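Here is what each chain is made of, one letter per residue.
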Amino acid sequence: SGTSILAIRMVPGAVMMTSGAQAHVTAFWSAVAPGYEARGGNVAQYGTAAYQHWMDALAGGLSDPPADVLEVATGTGYLALAAAGLGHNVTAIDLSPPMLDELRAHAAERGLTVEARLGDAVAPDFPPERFDAVTNRHLLWTLREPDKAMVNWWSLLRPGGQVLAVDGFWFTKSEEGEVPPLFAEHYTSETREELPFMFLDRPDPIVDMLRAVGFTEVTAEPRAELAIESGVPYFFTGRRPHNSQHS
């Protein structure tokens, strides 16, 4: 049938089942987790001037610490650890246990505290109005059901809270034949059809969706000083209005 199902172990005896596109996406990122940060162009190396640029940009994008920050699809924890380094109280979730292992190792090396747990970026399992900020980096392009995800992020924020999503326009249709075999194995045509932001070439659809969900003060700002090999990232930001009520 071509349908993939992945059982993700949370604790001994417990599993989280994902299927379809998400099973492929999680399997890919679990496979590349151990070498992800070592590959040039994925992240700025910790302790470098380029990493400090990220710290400065994140400090400018979030409210003053300490805020309660939820990082969704955290991966190796690049953004989560930066937020923790700024003094925020950070909870980080991902569907890939190997990615969470990488995060925990980095946190231990740097003496930082991040509450890392298995969880789905589309439907994070937390009570409403639990956080001051929801963040993610390089998630939107590989996010299924982004409208559902954004509704849930809005609900998790306290009134006045903010979303900060960092992403770019990494793919074009013409590049489909140039991807590595492992990527092609999991990012099949069927998987790509479930990822509506994968082939974007402009920020407007993301901005429009954030506004449609109810976020205000929505911006999409290119950050050339944070450019990596594949292009310039954008900071997508929005705020849950101070006078909003949970529905």
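Just so we're clear, the structure is a prediction, and the values are computed from it rather than from any experiment. (Residues numbered from 1 in each chain as written. Predicted model: local features only at pLDDT ≥ 70, side-chain atom pairs only at ≥ 80, totals over all residues. Heavy atoms only, no water.)

Trainee: So what about helix H2 (residues 49-61)? Which residues, and what values?
Mentor: With 13 residues, H2 should reach 18 Å at 1.5 Å per residue; the first-to-last C-alpha distance of 18 Å fits that figure. Close packing links the buried residues of H2 with helix H3 (78-85), helix H4 (97-110), strand S6 (131-137), strand S7 (157-167) and strand S9 (234-239). (Helix = DSSP H or I, 4+ residues; strand = E, 2+ residues; numbered from the N terminus. Expected span 1.5 Å × (residues − 1). Contact = heavy atoms within 4.5 Å.)

Trainee: Which residues make up unusual backbone geometry, and what are the values?
Mentor: What you tend to see is this: most non-glycine residues have negative phi, and most peptide bonds are trans. Looking along the chain, the bond that leaves Pro65 and enters Pro66 is cis, with omega of 0°. Turning to its location among the elements, Pro66 is positioned in the loop between H2 and strand S3 (68-71). Even without a glycine there, the phi angle at Glu129 is positive, about 55°. For Glu129, the position within the fold is in the loop between strand S5 (114-118) and S6. Phi at Glu145 takes a positive value of approximately 45°, unusual for a residue other than glycine. One can find Glu145 in the loop between S6 and helix H5 (146-156).

Trainee: Please provide a residue-by-residue account of the sheet that holds S6, values included.
Mentor: An order of S5-S4-S3-S6-S7-S9-S8 is seen for the seven strands of this open sheet, with the pairing classed as mixed. A single partner strand is all that each edge strand has here, and the edge strands are S5 and strand S8 (216-222). The mean inter-strand angle of the sheet, taken between neighbouring strand axes irrespective of direction, is 15°. Judged from the four bridges that link them, S3 and strand S4 (residues 89-94) form a sheet pairing that is parallel. Counted as the bridge partner of Val69 is Val90 from S4. Across the sheet, H5 is in contact with S3, S6 and S7; its angle to S7 comes to roughly 140°. (Pairing = 2+ DSSP bridges. Axes fitted to C-alpha atoms, helices over the stretch in contact; angles between N-to-C directions.)

Trainee: Tell me about the side chain of Gln162, and name the residues and values.
Mentor: Positionally, Gln162 belongs in strand S7. For Gln162, a relative accessible area of 7% puts it in the buried group. Separated by 3.0 Å, the side chain of Gln162 and the backbone nitrogen of Ser63 make a polar contact. (Buried < 20%, exposed > 50% of the residue type's maximum accessible area, 1.4 Å probe, protein only. Polar contact = N/O pair within 3.5 Å; in protein donor to acceptor, adjacent residues only side chain to side chain.)

Trainee: Help me get a handle on the packing of H5 against helix H8 (residues 204-213), residues and values and all.
Mentor: Contact geometry for H5 and H8: axes closest at 9 Å, N-to-C directions at 50°. In terms of orientation, H5 lies oblique with respect to H8. Crossing handedness for the pair H5 and H8: right-handed. Contact residues: Pro146, Asp147, Met150, Val151 and Trp154 in H5; Ile206, Met209, Leu210 and Val213 in H8. Considering only residue class, the contact of H5 with H8 consists of eight nonpolar, no polar and one charged. (Parallel < 35°, antiparallel > 145°, perpendicular 65-115°, else oblique. Left-handed = near helix turned anticlockwise from the far one by under 90°. Nonpolar A, V, L, I, M, F, W, Y, C, P; charged D, E, K, R; others polar.)

Trainee: Any chance you could break down the packing of aromatic side chains for me, citing the residues and the numbers?
Mentor: Taken as a whole, this structure holds 16 aromatic pairs when the rule is applied. Judged by centre distance (5.4 Å) and plane angle (85°), the ring pair of Phe28 and Phe183 falls under edge-to-face. Note that Phe28 is positioned in helix H1 (residues 20-32) and Phe183 in helix H6 (residues 181-186), a separation of 155 residues in sequence. Taken together, the ring pairs in this structure connect Phe28, Trp29, Trp141, Phe171, Phe183, Tyr187 and Phe199 into an aromatic cluster. Here Arg130 stacks its cationic end above the ring of Phe131, 4.6 Å away from the centre of that ring. If you follow Arg240 out to its NZ or CZ, it ends over the ring of Trp154, 3.9 Å from the centre. (Phe/Tyr/Trp six-rings, centres within 6.5 Å; stacked < 30°, edge-to-face > 60°. Lys NZ or Arg CZ within 6 Å of the ring centre and 35° of its normal.)

Trainee: Any details on the packing of H2 against H3? Residues and values, ideally.
Mentor: Here H2 crosses H3 at 70°, and the two axes come no closer than 10 Å. In terms of their interaxial angle, H2 and H3 are classed as roughly perpendicular. On H3, the residues touching Tyr51, Trp54, Met55 and Leu58 of H2 are Tyr78, Leu79, Leu81, Ala82, Ala83 and Gly85. Of the residues contributing to the contact of H2 with H3, the split by class is nine nonpolar, one polar and no charged.

Trainee: A description of the pattern of salt bridges should follow, citing residues and the corresponding values.
Mentor: If you walk through the whole model with that rule in mind, you get 13 salt bridges. One salt bridge connects Arg158 with Asp68, and the closest N-O pair in it is separated by 3.0 Å. Taken together, the positions of Arg158 in strand S7 and Asp68 in strand S3 put the pair 90 residues apart, joining distant regions of the chain. Take Arg158: its relative accessible area is 27%, and that puts it in the partly exposed class. Notably, a salt bridge pairs Glu145 with Arg144, separated by 3.4 Å at the nearest N-O pair. The partly exposed category is assigned to Glu145, whose relative accessible area is 36%. Three or more residues joined by partner-sharing salt bridges are found here, namely Asp68, Arg130, Asp132 and Arg158. (Salt bridge = Lys/Arg side-chain N within 4 Å of Asp/Glu carboxyl O.)

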